[in-house]
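Survey of secondary and tertiary structure
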Amino acid sequence: MSTRNGGGIALPTSPHPSTTAIGGDASASPPGGRLPWKAKISYGAGDFAFGLCWNMVGAFLLYFYTDVALLPVGVVGTLFLLSRLLDAGIDPVVGVLVDRTRSRWGRTRPYFLYGAVPFGLFSVAVFYVPPLGDTGKLVWAGATFIILGLLFSIVNIPYSALLPMMTGRQEERVQVSSLRSAGTALSVIFATAGTMPLVTALGGGDKAQGFLLTALLAAGVSVALILNLFANCREVIHDGGEEPPATLSAISNMVRNRAWLVVFVFTTLNFIRFGAVLAVTAYFALNVLHQPWMISILLPAISGTLLIGSAIAPPYLRRFGMRQGNRLVLILATGLYLVLPLAEGQPWLFLTIYVLASVLISVTMTAIFAMAAETVDYHEARFGVRHEGLLSAGISLSTKIGMALGGAVIAYGLAWVDYNPAAVSDGAVHMVHALYYVPAVVVLLLQTLCISFYPAIPKRPQA
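This write-up is about the structure you can find in this document. (Residues numbered from 1 in each chain as written. Predicted model: local features only at pLDDT ≥ 70, side-chain atom pairs only at ≥ 80, totals over all residues. Heavy atoms only, no water.)

Next up on the list: the nonpolar core. Counting residues in hydrophobic clusters, the biggest one holds 138 residues, and the most contacted among them are Tyr-65, Tyr-337 and Phe-350. Residue contributions to this core peak at 19 residues, all from helix H9 (residues 258-287). Viewed by domain, this core spans two of them, domain 1 (36-235) and domain 2 (246-457), each represented by three or more residues. Filtering out sequence-adjacent residues up to four positions away, Tyr-65 remains in contact with Leu-70, Leu-71, Val-76, Leu-79, Phe-80, Val-126, Ala-141 and Phe-145. Tyr-111, Ile-157, Met-165 and Ala-393 belong to the second-largest nonpolar core, a separate cluster that totals seven residues. (Core = buried A, V, L, I, M, F, W, Y, C linked by side-chain atoms within 4.5 Å. Buried < 20%, exposed > 50% of the residue type's maximum accessible area, 1.4 Å probe, protein only. Helix = DSSP H or I, 4+ residues; strand = E, 2+ residues; numbered from the N terminus. Domains from an automatic or database assignment. Contact = heavy atoms within 4.5 Å.)

See the structure below:
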């Protein structure tokens, strides 16, 4: 038996997938039932756990390497690019492992249990400056950054794969995606607004010590919340235990999944913009706006506005749909970015326009999480299998590629003009100015084009 929607794709109701909860959990929604709020909140807090450390790395590691560890910016740019591309290559492997995992805790939860502490330890290690020469520091930076990226894959890919297993209801997926967006937002607020004040307070004038202790504090919170995710979120929808197809066949089907391809490109573009803005904002506030205090507002606003966007997104996307809804907010955000340079001399007007643009963009972030879950339903409709792990790994890969390219663009741009933190040249100021606006506008326009190809998604029948 199957159902169809306007997209004309049949979605099997049997035998895929079983709706029996794994592990007999108390927090899982029974067949045809509702997902408990404890599970929803714990899932949203999971993204706070991952984002707290990961966004501290994204926002401040480039600055830490160049201005605290005193590593050459051009070499750091290459390190960022190669490291993230290298650990991105492991994402499909982790995805396949998730799809093949069978345990008393289900397919995703063992990764939270065993990956939490190592992820926390290496989130601290990247902010440690070893008492070595320049070569030794570079080796340490490269090794710890690569390992952290691998560990992020090991815990974050199962996290994304868990959402389509928790519930088949579209309205619950959008709701949980909104809570995930809120978790992301709070992680960015704490990571970006809180890092420098904590570095100052804990370091006592020693930035190296301040960054290390701040990273240790963030890692402790992250580990606790990842273990809470393990305890309270369960898998209700699963594949019934059949053997997944060969890896090459599964990857071939993945790239033939139109919904997945659109979400992959859309997400890559989003994180190119996100990575670039995270990396360049501190330089922009210091050297272009000459307003150091704005760092603690501009950086949190990048995703802090997700708190607003996560509340707006569910009714808005329900009214306009994924394709048209994303397209409208992207067009409006592009217009605001184009007028933003005119307000540089008026800090509060600049911040007002910037926050409005960020709120609009934040709607697309919530949409990404929901669309990533929908790609699983589309995949099942086309190929008869779900492969949550592999599809989620592909989306995770897109975030790493995007962050790598975005951060590398900023680092290479600064290296091109011989950026020197002790004496910033006029050429460096002009480069920072261009790097702040041009990548963002180009990416927003490309995202607007990309989302036009998003297909209709079959609705999952409810028990």
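Glancing now at the environment of Leu-278. Examined against the element boundaries, Leu-278 turns out to sit in helix H9. Overall, the relative accessible area of 1% leaves Leu-278 in the buried class. With 219 residues separating them in the primary sequence, Leu-278 and Ala-59 have C-alpha atoms 5.0 Å apart. Discounting chain neighbours no more than four positions away, the residues touching Leu-278 are Asn-55, Gly-58, Ala-59, Thr-192, Leu-299, Ile-302 and Met-403.

Let us look at the packing of aromatic side chains. Enumeration over the complete set of coordinates arrives at 24 aromatic pairs. A centroid spacing of 5.7 Å and a plane angle of 5 degrees characterise the contact between Phe-127 and Phe-211, whose relative ring orientation is stacked. Of this pair, Phe-127 sits in the loop between helix H4 (109-125) and helix H5 (134-166) while Phe-211 is found in helix H7 (residues 207-232), placing the two residues 84 residues apart along the sequence. By the burial criterion, Phe-127 is buried, and Phe-211 matches it. Look at Trp-260 and Phe-264: their rings are 5.0 Å apart centre to centre, the planes differ by 25 degrees, and that puts the pair in the stacked class. A residue pair is termed a helical-turn pair when its members lie 3 or 4 positions apart in one helix, as Trp-260 and Phe-264 do in helix H9 at four residues. Of the aromatic side chains, those joined through ring pairs into one cluster are Tyr-43, Phe-50, Trp-54, Phe-119, Phe-152 and Tyr-159. (Phe/Tyr/Trp six-rings, centres within 6.5 Å; stacked < 30°, edge-to-face > 60°.)

With that out of the way, let us pick up the packing of helix H1 (residues 37-68) against H9. Look at H1 against H9: their axes get within 9 Å of each other, and the N-to-C directions meet at 45 degrees. Classified by the angle between their axes, H1 and H9 sit oblique to one another. The handedness of the crossing between H1 and H9 is right-handed. Contacts between H1 and H9 involve Asn-55, Gly-58, Ala-59, Leu-62, Tyr-63 and Thr-66 on the former and, on the latter, Phe-274, Leu-278, Ala-279 and Tyr-283. Looking at the contact of H1 with H9 residue by residue, the classes come out as seven nonpolar, three polar and no charged. (Axes fitted to C-alpha atoms, helices over the stretch in contact; angles between N-to-C directions. Parallel < 35°, antiparallel > 145°, perpendicular 65-115°, else oblique. Left-handed = near helix turned anticlockwise from the far one by under 90°. Nonpolar A, V, L, I, M, F, W, Y, C, P; charged D, E, K, R; others polar.)

Where the residue is not glycine, phi is negative for most of them; where a peptide bond is considered, it is trans in most cases. With a phi close to 60 degrees, Leu-70 is a non-glycine residue in the positive phi region. Mapped onto the secondary structure, Leu-70 falls in the loop between H1 and helix H2 (73-88). Owing to a relative accessible area of 59%, Leu-70 belongs among the exposed residues under this scheme. A positive phi angle, near 55 degrees, is found at His-290, a position not held by glycine.

Right, let's talk about the packing of helix H13 (residues 388-416) against helix H14 (residues 426-451) for a bit. Running from amino to carboxyl end, H13 crosses H14 at an angle of 160 degrees, the nearest separation of the two axes being 9 Å. By the angle between their axes, H13 is roughly antiparallel relative to H14. Of the two possible hands of crossing, H13 and H14 adopt the one that is right-handed. Taken together, the residues of H14 that come into contact with H13 (itself represented by Val-409, Ile-410, Gly-413, Leu-414 and Trp-416) are Met-431, Val-432 and Leu-435. Looking at the contact of H13 with H14 residue by residue, the class counts come to seven nonpolar, one polar and no charged.

Under the criterion given, the structure shown has two salt bridges. As a salt-bridge pair, Asp-47 and Arg-180 come within 2.5 Å of each other at their nearest N and O atoms. Residue Asp-47 is located in helix H1, and its partner Arg-180 is located in helix H6 (residues 170-203); the two are separated by 133 residues in the primary sequence. Asp-99 is the salt-bridge partner of Arg-107, the closest N and O atoms lying 2.9 Å from each other. Taken individually, Arg-107 and Asp-99 each receive the classification buried, so the pair is uniform in this respect. (Salt bridge = Lys/Arg side-chain N within 4 Å of Asp/Glu carboxyl O.)

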